[in-house]
Amino acid sequence: MNSPLFLHIRFWEYQFYAPHWLWLLLLIPILLFLRYYRLEKSQGVIKFPRPAKDLNAIAFSPIKWLILTVYALIGVGASFLIIALALPYLPYAEDNENDFDEGIDIIISMDISGSMMATDFLPNRLEAAKTMAKEFIDGRKSDRIGFVVFEGEAYTACPVTRNYDYLKQTIDGIKSGMIEPGTAIGTGLGTAVARLKSDSLSSKVIILLTDGESNKGEISPMAAAELAKNKNITVYTIGVGKKGIVKMPINTPFGQIMQNTQVNIDEKLLKKMADLTGGEYFRATDENSLREIYQTIDQMETKKMVNNTIHREPPYMPESFLLFGLIFIFIGMATEQILLKKNA
């Protein structure tokens, strides 16, 4: 957990519990401009050099630049105070690990290839899989859960975290076609294995969901399963979709059309992968069966945390912004007063 006085310098990684306060940031440059304009126009307060024939002296007057610097400091300080009002937090901030005596590290590795847009699930396989994954996440209490997606290659959409709200937001944003087309089951599993590092909790699980056959990837599915076995990771595999021909959206020069398509699932491979790691293979043919599969996995992995009163929500951290805001405003206003006295 971050210290209350620690200011994370990558500001774009913050999220906010009260983001509506951030609209006030738009007022800062306007107010500073009006303040500067009034000061410059006032008589006998700040003596700006104004030689009629030397425009460069006006533009680059040291006192003018100093005043602008002062207002920049005040503007930065005011910005920090407004950000503090918005209650910033880091989405990956986690609760103190000592608060949990037991738990599981889980990675959900999901196929998001084009075939996942088939409509034998409503509204399609991918959206149904995302919904069931979020329901599964809601049923866990102490576990750290991450999310990996794969098509022709794979990437980690969310590292393992107990910030379930952020994790579910990430899942909501996933769409088919985000990466190279194809189905790289081995890469999808291998990436998930890599995310479960040596400092992970003692119990580690990967839930791999796909609706196709592996046709891409630098690592084979069985090699990835062997790697998972060597790291004592249990892999549950889920084959999604009805057997036979299904309707799938196809992009054409004339727009998107629905077309009957044959989609095959390599069930033998998925079963071998699960068996090798001590897991189990499941087949989901509709939304209800997929929900039941997640419920079964949930029951099979029954480790619970001892203290179930722990608040999972990441702590907001306005203290750092308040401190830095007050420091910048104090320095800016103190410098302004010194300049006013010297030039009075």
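On a predicted model such as this, the values are computed, not experimentally measured, just so you know.

1. Quick look at the overall build of the chain
Here comes step 1: Along the chain, the regular secondary structure elements total 10 helices and 10 strands.
Here comes step 2: In the chain, which comprises 344 residues, the share counted as buried stands at 47%.
Here comes step 3: Contacts in the chain between residues far apart in sequence, at least 24 positions, make up 80% of those at least 6 positions apart.

2. Observations regarding the nonpolar core
Here comes step 1: If you look at the biggest cluster of nonpolar residues, it comprises 36 residues, and the most contacted ones within it are Ile108, Met110, Phe147, Leu209, Ile238, Leu290 and Tyr294.
Here comes step 2: By residue number, the principal contributor to this core is helix H4 (residues 125–139), which donates seven residues.
Here comes step 3: Counting residues in each nonpolar core, the second largest holds 22 residues, with Val148, Leu196, Ile206 and Val235 among its members.

3. Considerations on the confidence of the model for the chain
Here comes step 1: Chain-level pLDDT for the chain is 81 on average; 78% of the residues reach the 70-or-more range.
Here comes step 2: Mean pLDDT across the elements of the chain bottoms out in helix H2 (residues 55–59) (45) and peaks in helix H8 (residues 267–276) (97).
Here comes step 3: Across residues 94–101, where pLDDT falls below 50, the model places 21 contacts with residues more than four positions away in sequence or in other chains.
Here comes step 4: Ignoring residues within four places in sequence, the model shows residues 303–315, a span with pLDDT below 50, making 34 contacts including any to other chains.

4. Focus on the environment of Asn163
Here comes step 1: Counting through the fold element by element, Asn163 comes out in the loop between strand S5 (154–161) and helix H5 (164–172).
Here comes step 2: Given a relative accessible area of 3%, Asn163 falls into the buried group.
Here comes step 3: For the pair formed by Asn163 and Gly146, sequence separation is 17 residues and the distance between their alpha carbons is 9.9 Å.

5. Observations concerning the packing of aromatic side chains
To describe a pair of aromatic rings, one takes the distance between the centres and the angle between the planes.
Here comes step 1: This structure, assessed with the given rule, holds five aromatic pairs.
Here comes step 2: Pairing Phe80 with Phe324 gives two aromatic rings, centres 6.2 Å apart and planes at 50°, and the pair type is tilted. Note that Phe80 is positioned in helix H3 (residues 62–85) and Phe324 in helix H10 (residues 318–342), a separation of 244 residues in sequence.
Here comes step 3: Under the relative-accessibility criterion, Phe80 is labelled buried at 11%.
Here comes step 4: Take Phe324: its relative accessible area is 29%, and that puts it in the partly exposed class.

6. Topic: the pairing of strand S8 (residues 245–252)
Here comes step 1: Strand direction decides the pairing type here: S8 and strand S9 (residues 255–262), joined by eight bridges, are antiparallel. If you follow Asn251 over to S9, its bridge partner there is Gln256.

7. Quick notes on the packing of helix H6 (residues 185–195) against helix H7 (residues 221–230)
Two quantities define a packed helix pair, namely the angle between the helix axes and the distance between the axes.
Here comes step 1: Look at H6 against H7: their axes get within 7 Å of each other, and the N-to-C directions meet at 20°. Accordingly, the angle class assigned to the pair H6 and H7 is roughly parallel. In this structure, the crossing between H6 and H7 has a hand that is left-handed. Across the interface between the two elements, Ile185, Gly186, Leu189, Gly190 and Val193 of H6 pack against Pro221, Ala224, Ala225, Leu227 and Ala228 of H7.
Here comes step 2: Split into classes, the residues belonging to the contact of H6 with H7 amount to eight nonpolar, two polar and no charged.

8. A word on the pairing of strand S4 (residues 144–150)
Here comes step 1: By the criterion of burial, S4 is predominantly enclosed, with seven of the seven residues buried.
Here comes step 2: The sheet contact formed by strand S3 (residues 104–111) and S4 spans seven bridges and is parallel. Directly across from Ser109, in S4, lies its bridge partner Val148.
Here comes step 3: With H4 bridging S3 and the parallel S4, this β-α-β connection has right-handed handedness.

9. A word on H4
Here comes step 1: For H4, spanning 15 residues, the distance from its first C-alpha to its last is 21 Å, which sits close to the expected 21 Å at 1.5 Å a residue.
Here comes step 2: If you check which residues of H4 are buried, you get Arg125, Leu126, Ala128, Ala129, Lys130, Met132, Ala133, Lys134, Phe136 and Ile137.
Here comes step 3: For H4, the side-chain oxygen to backbone nitrogen distance between the N-cap and Leu126 is 3.1 Å, and the N-cap itself is Asn124.

10. Some details on the sheet that holds S5
Here comes step 1: The strand order across the open sheet built from six strands is S5-S4-S3-S6-S7-S10, with neighbouring strands paired in mixed fashion. One side of each edge strand has no neighbouring strand; the edge strands of this open sheet are S5 and strand S10 (281–284). Strand-to-strand twist of the sheet, defined as the mean angle between neighbouring strand axes without regard to direction, takes the value 15°.
Here comes step 2: The pairing of strand S6 (residues 203–210) with strand S7 (residues 233–240) spans seven bridges and is parallel. Bridge assignment links Val205 to a residue of S7, and that residue is Thr234.
Here comes step 3: In the packing of helix H9 (residues 287–300) onto the sheet, the strands contacted are S3, S6, S7 and S10, and the crossing angle to S10 comes to about 155°.

Basis of the calculations
- Residues numbered from 1 in each chain as written.
- Predicted model: local features only at pLDDT ≥ 70, side-chain atom pairs only at ≥ 80, totals over all residues.
- Heavy atoms only, no water.
- Helix = DSSP H or I, 4+ residues; strand = E, 2+ residues; numbered from the N terminus.
- Buried < 20%, exposed > 50% of the residue type's maximum accessible area, 1.4 Å probe, protein only.
- Contact = heavy atoms within 4.5 Å.
- Core = buried A, V, L, I, M, F, W, Y, C linked by side-chain atoms within 4.5 Å.
- pLDDT = per-residue confidence, 0-100.
- Phe/Tyr/Trp six-rings, centres within 6.5 Å; stacked < 30°, edge-to-face > 60°.
- Pairing = 2+ DSSP bridges.
- Axes fitted to C-alpha atoms, helices over the stretch in contact; angles between N-to-C directions.
- Parallel < 35°, antiparallel > 145°, perpendicular 65-115°, else oblique.
- Left-handed = near helix turned anticlockwise from the far one by under 90°.
- Nonpolar A, V, L, I, M, F, W, Y, C, P; charged D, E, K, R; others polar.
- Right-handed = clockwise from strand over helix to strand, strands pointing away.
- Expected span 1.5 Å × (residues − 1).
- Polar contact = N/O pair within 3.5 Å; in protein donor to acceptor, adjacent residues only side chain to side chain.

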